[in-house]
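Structural features, examined
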Amino acid sequence: MAESYVKPGNQERGWNDPPQFSYGLQAQAGGSRRTPLTRRAPPPPAGAPPGAPPGPPSAPADPAAPPPRALGPPPQGSAGAAPRAEARPSAAGPEQEECSVSADTVLAPLRAALDACRATVQKQVCNDIGRRLTVLEDAWAQGKLSAPVRKRMNLLVQELQQQHWDAADEIHRSLMVDHVNEVSQWMVGVKRLIAETRDLPSGHTDGSADTEPATEPVTEPVTEPAAEPEQEEP
Amino acid sequence: MATYLEFIQQNEERDGVRFSWNVWPSSRLEATRMVVPLACLLTPLKERLDLPPVQYEPVLCSRPTCKAVLNPLCQVDYRAKLWACNFCFQRNQFPPAYAGISEVNQPAELMPQFSTIEYIVQRGPQTPLIFLYVVDTCLEEEDLQALKESLQMSLSLLPPDALVGLITFGRMVQVHELSCEGISKSYVFRGTKDLTAKQIQDMLGLSRPAVPMQQGRPLQTPEQPVISSRFLQPVHKIDMNLTDLLGELQRDPWPVTQGKRPLRSTGVALSIAVGLLEGTFPNTGARIMLFTGGPPTQGPGMVVGDELKTPIRSWHDIEKDNARFMKKATKHYETLANRSAANGHCIDIYACALDQTGLLEMKCCANLTGGHMVMGDSFNTSLFKQTFQRVFSKGYNGEFRMAFGANLDVKTSRELKIAGAIGPCMSLNAKGPCVSENELGIGGTSQWKICSLDPSTTLAIYFEVVNQHNAPIPQGGRGAVQFVTHYQHSSTQKRIRVTTIARNWADAQTQLQHIEAAFDQEAAAVLMARLGVYRAESEEGPDVLRWLDRQLIRLCQKFGQYNKDDPNSFRLSESFSLYPQFIFHLRRSPFLQVFNNSPDESSYYRHHFARQDLTQSLIMIQPILYAYSFHGPPEPVLLDSSSILPDRILLMDTFFQIVIYLGETIAQWQKAGYQDMPEYENFKHLLQAPLDDAQEILQTRFPMPRYIHTEHGGSQARFLLSKVNPSQTHNNLYAWGQESGAPILTDDVSLQVFMDHLKKLAVSSAS
């Protein structure tokens, strides 16, 4: 599954660059674009000077004086509910993880899928995919791929073997978005391989019989002009 | 009044419409006396997760000058199978398919809860979407590498059936022929000479008009599409080759000597892009995506010369009429924008550079076509990368949010006419009985084209009441408006969204209190703001502020309760109470104040202001401020200097920036490291809370905002200090006695002073 993490932005190239969210986090939030913080404080009653808010009993400080030398500590308190305007789990930083998957575990099924394609798919395309799988193999062998990439490729291959085309596609997308500099050379070959394998005439199964339902979710349209009697009160 | 607020909110949720007035003054004379025009904010493709589209053609009124769509306001005779158009009163026969309808078996479009309804229609072949990348190669190595990777990544995000093409430019412009054979070819054009559409098509070998690609129609021998698709190929076919081609892109090879800018032929590159699409795929959804890392310095559309010692124009230069290239360059891009929009193609601009890139001259490309404008410092920043990813974002149902080729048609009942629209659209010059002679915004038409839009795109539409004074309105009579939007869905389906609304008329002389109670001050503020910004872009700045002030004073004179010449007696009813504050903040906003912004920055801010929905527009006018402290749960606080307290963390959202500001005490505690001590864990949570809330905004907003984390005394605190109402400045510091809040060093007028002046002017019998 795609990871959910937040990295800081590139402060060297852009001032106040916002943090970078992983593909998984962005996909989670996708859909709802409502700003959660949209309330405004009511205006003070006419005539009341806003300089005297009913307020926090903070120590009044004369602006000309230096900050108090003996600054007391914050109020104590152990873990409690975080005072949040919105309740949601905070995302952690990128995990430092290990991955002990061998190159062959990933490459073998990919090459097998490619072989299955050779019968129906153009030779040129197959060769191109094959070339890129070799690049992947070399990169893996030389230790150029980070642990998250290797881990997710393992997952991708498992989804492919179970014919979960959409899930495999989603993993490929998440890798392209999160680790483009590592994967760009060869990932497009894997993408193509998923697409071509999916389109193969049936009869080529490799593993379990789970098949994916229709590719894009389609909203169910109403087909009759005279709709079912919806006895709603107007 | 609670009931009107609910009414307003329900209508916005269902129909995506917010009117300045929800009870309409029944005569032209009275309507002009209302000061704020009768107008609405319309979000044509508002996200409606609960609205399944119907799969049949809409039923239209048979009168040729009307053609309104059947809607819940129409009178229906179920026995005779007739319906009466509520706009022109024509009696129409139902089509044969409706033979079975009755009072208990109504079609969806007659039910009141379907005041907004969406139709999926089969109209002609489904043409694929097109994405044409126009890429500047005069970038630093690091930037070019980051851009190349983003483009390669985007190939995985595009709809697989979409067509994609590539044009690169620097000193020359290269149109790349995409093929699956080994050798990559390209056509090279000089960057100094503009070409007509015909010349471009001839030189690229696109002489004959193209037939749109017929996908899945194997019987037809496509002799033409083979030629026209040399430059635009389906992603699923070309992704591997294009990935390699992008990977091999080099920096522009022409050397740039010391003291010079690279020669960048943006004008010709865009011209070729527009001409290429015009010749091959007119009238289908397409995006021309321009990626540029600096200003155009060569050829038509150049914005600055190549000598670094001549800086690019500033507002000062423009005011002193010292911007040599501006008029000609603007005209060049305006012509391109108009041609592109006429073909239904949008132009996006992704400009990443530390200096200006000519957004001022090129803004019409994005504004007329509905294309995006993204401004960043470098392509190697999270701001660009993630904003670019979000162009391809999908909604809850897994469908792309982007839509194309929208045609908005507005119909009104006869007491109303349409004065114009302000938003990312182009006029279609559709004359008719609904069109007013008085123009506000893009007028003289009842139809506009929006080549690219998404569920948040919002237009402002201005109306004119034309009923004569003393002409009767039937008791309980209502006026109606219908918004019909034809568009191409991202799945390439043709769809029609129809929204029909009605509001009551009222005689302003006897029922002013009803009209007053139904005033939507938030919508009114945004509608007036759009008018103000529209004027500012075509007139001098200070005149707009004077106009805005005059309108505000007139509004207060009309609707305030006061005794003549007694400012202290002045009161505004609740439905108007926030309006002066919005205007105060609008006057200080970067939309009307160009000081401290470059012309490109002002263009960028105004671009986004003219297309966002009401909530986001209000955030831009008057930023949101939330306070986090130990004294209670997080709460919104006044955008005022008195809200800046030492033991608080403030989160400010201006739409373009998210600012987190640590009060003085909080900052000292953090420096002392209390958050790392286990017994002060709640302090750690307090520090984290605003970060988590900010994250929700950062994750979804387009474009991605800047993220500023600062504290008391920090230089970046200026972003907060410049936005809050300076109720306390160095001038009045000791007038309040005990200090609270942070004084702002400014000579700007505060809201209190502004309100005092306003009241004085409103109650004065001399005005």
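What counts and how
- Residues numbered from 1 in each chain as written.
- Chains lettered and ligands numbered in written order.
- Predicted model: local features only at pLDDT ≥ 70, side-chain atom pairs only at ≥ 80, totals over all residues.
- Heavy atoms only, no water.
- Helix = DSSP H or I, 4+ residues; strand = E, 2+ residues; numbered from the N terminus.
- Rg over C-alpha atoms; globule rule 2.2 N^0.38 Å.
- Areas by Shrake-Rupley, 256 points an atom, 1.4 Å probe, with all protein chains shown as cover.
- Lys, Arg positive; Asp, Glu negative; His and termini not counted.
- Charge placed at Lys NZ, Arg CZ, Asp CG, Glu CD.
- Domains from an automatic or database assignment.
- pLDDT = per-residue confidence, 0-100.
- Contact = heavy atoms within 4.5 Å.
- Core = buried A, V, L, I, M, F, W, Y, C linked by side-chain atoms within 4.5 Å.
- Buried < 20%, exposed > 50% of the residue type's maximum accessible area, 1.4 Å probe, protein only.
- Pairing = 2+ DSSP bridges.
- Axes fitted to C-alpha atoms, helices over the stretch in contact; angles between N-to-C directions.
- Phe/Tyr/Trp six-rings, centres within 6.5 Å; stacked < 30°, edge-to-face > 60°.
- Salt bridge = Lys/Arg side-chain N within 4 Å of Asp/Glu carboxyl O.
- Expected span 1.5 Å × (residues − 1).
- Bend = angle between axes of the 7 residues up to and from the residue.

If you tally the helices and strands in chain B, you get 21 helices and 29 strands. The C-alpha radius of gyration computed for chain B amounts to 28 Å, which stays within 12% of the reference 27 Å derived for 767 residues, consistent with globular compactness. As presented, chain B carries roughly 29400 Å² of accessible surface, and 51% of it is formed by carbon and sulfur atoms. In chain B, 71 side chains carry a positive charge and 77 a negative one; their mean positions are 8 Å apart.

Attention shifts here to the domain arrangement of chain B. Here chain B is described as being made up of domain 1 (4-55 + 114-122 + 401-514), domain 2 (130-206 + 228-391) and domain 3 (623-724). Using C-alpha coordinates to define each centre, domain 1 of chain B is positioned 39 Å away from domain 3 of chain B.

Further remarks concern the confidence of the model for chain B. Residue and element names in this part refer to chain B. On average, residues of chain B score 91 in pLDDT, and 95% of them reach the 70 mark or higher. Taken together, the stretch residues 213-228 has pLDDT below 50 and engages in 21 contacts with residues farther than four places along the chain or on a different chain. Overall fold confidence for the complex sits at a pTM of 0.90, while the interface term, ipTM, reaches 0.85.

This part covers the environment of Ala341 of chain B. All names here are of chain B. In this structure, Ala341 sits in helix α9 (residues 326-342). Each C-alpha atom, one on Ala341 and one on Asn283, is 9.4 Å from the other, the two residues being 58 residues apart in sequence. Here Ala341 is in contact with Leu368, Thr369, Met426, Lys449 and Cys451, once residues within four sequence places are set aside.

Moving on: the confidence of the model for chain A. Residue and element names in this part refer to chain A. Taken residue by residue, chain A gives an average pLDDT of 72. The fraction at 70 or more is 61%. Contacts of residues 86-90 to residues separated by more than four positions or lying in other chains number eight contacts, the stretch itself having pLDDT below 50. Considering only residues more than four positions removed or in separate chains, one finds that residues 204-234, a stretch of pLDDT under 50, has 54 contacts.

We now examine the nonpolar core. Ranked by internal contacts, the top residues of the largest apolar core, which has 162 residues, are Trp21, Ile461, Phe463, Phe483 and Tyr579 of chain B. Residue contacts for Tyr579 of chain B: discarding those within four places in its chain leaves Val36, Phe519, Gln521, Ala524, Ala525, Met528, Leu552 and Leu555 of chain B. In this structure, Val106 and Val190 of chain A together with Cys352 and Val391 of chain B belong to the second largest nonpolar core, which totals 77 residues.

Moving on: the sheet that holds strand β26 (residues 632-636) of chain B. Backbone-to-backbone hydrogen bonds join strands into a sheet, with any given pair of strands oriented parallel or antiparallel. All names here are of chain B. Taken in spatial order, the five strands of this open sheet run β26-β25-β27-β28-β29, and their pairing is mixed. Only two strands of the sheet have a single partner each, and these edge strands are β26 and β29 (706-711). Between one strand and the next, the sheet's axes are offset by a mean angle of 15°, whatever the strand orientation. With three bridges joining them, strand β25 (residues 624-629) and β26 adopt antiparallel strand pairing.

Residues and elements named next belong to chain B. Summed over all chains, the structure comprises 36 aromatic pairs over all chains. Between the aromatic rings of Phe384 and Phe388, the centroid separation amounts to 5.5 Å while the plane-to-plane angle is 10°, which identifies the pairing as stacked. With Phe384 and Phe388 both in helix α11 (residues 382-391), this residue pair falls four residues apart, about one helical turn. On the accessibility criterion, Phe384 (0% relative accessible area) is buried. Overall, the relative accessible area of 1% leaves Phe388 in the buried class. Ring geometry for Phe519 and Tyr579: centres 6.0 Å apart, planes at 65°, overall edge-to-face. Note that Phe519 is positioned in the loop between α12 (512-517) and α13 (521-538) and Tyr579 in helix α15 (residues 579-588), a separation of 60 residues in sequence. The class of Tyr579 is buried, set by a relative accessible area of 3%.

Further remarks concern the pattern of salt bridges. Residues and elements named next belong to chain B. Under the definition given, this model contains 44 salt bridges over all chains. Arg497 is paired through a salt bridge with Glu118; the nearest N and O atoms lie 2.4 Å apart. Of this pair, Arg497 sits in strand β22 (residues 494-506) while Glu118 is found in strand β7 (residues 116-121), placing the two residues 379 residues apart along the sequence. Accessibility assignment for this pair places Arg497 and Glu118 in one class, buried.

All names here are of chain B. Under the 1.5 Å per step criterion, the end-to-end length of helix α19 (residues 681-700) is 29 Å for 20 residues, consistent within 8% with the ideal 28 Å. At Gln688, α19 is deflected by roughly 30°, the largest bend along its length, and proline Pro690 occurs up to four residues later in sequence. With 15 of its 20 residues buried, α19 lies for the most part within the structure.

Residue and element names in this part refer to chain B. With antiparallel pairing, four strands are arranged side by side in an open sheet as β1-β3-β20-β17. Of all the strands in the sheet, just β1 (17-19) and β17 (416-422) have a single pairing partner and so form its edges. Going across the sheet, the axis of each strand differs from the next one's by a mean of 25°, ignoring polarity. Where strand β3 (residues 39-42) meets strand β20 (residues 459-465), four bridges bridge the pair, whose relative direction is antiparallel. Among the inter-strand pairings, Leu42 is bridged to a residue of β20, identified as Leu459.

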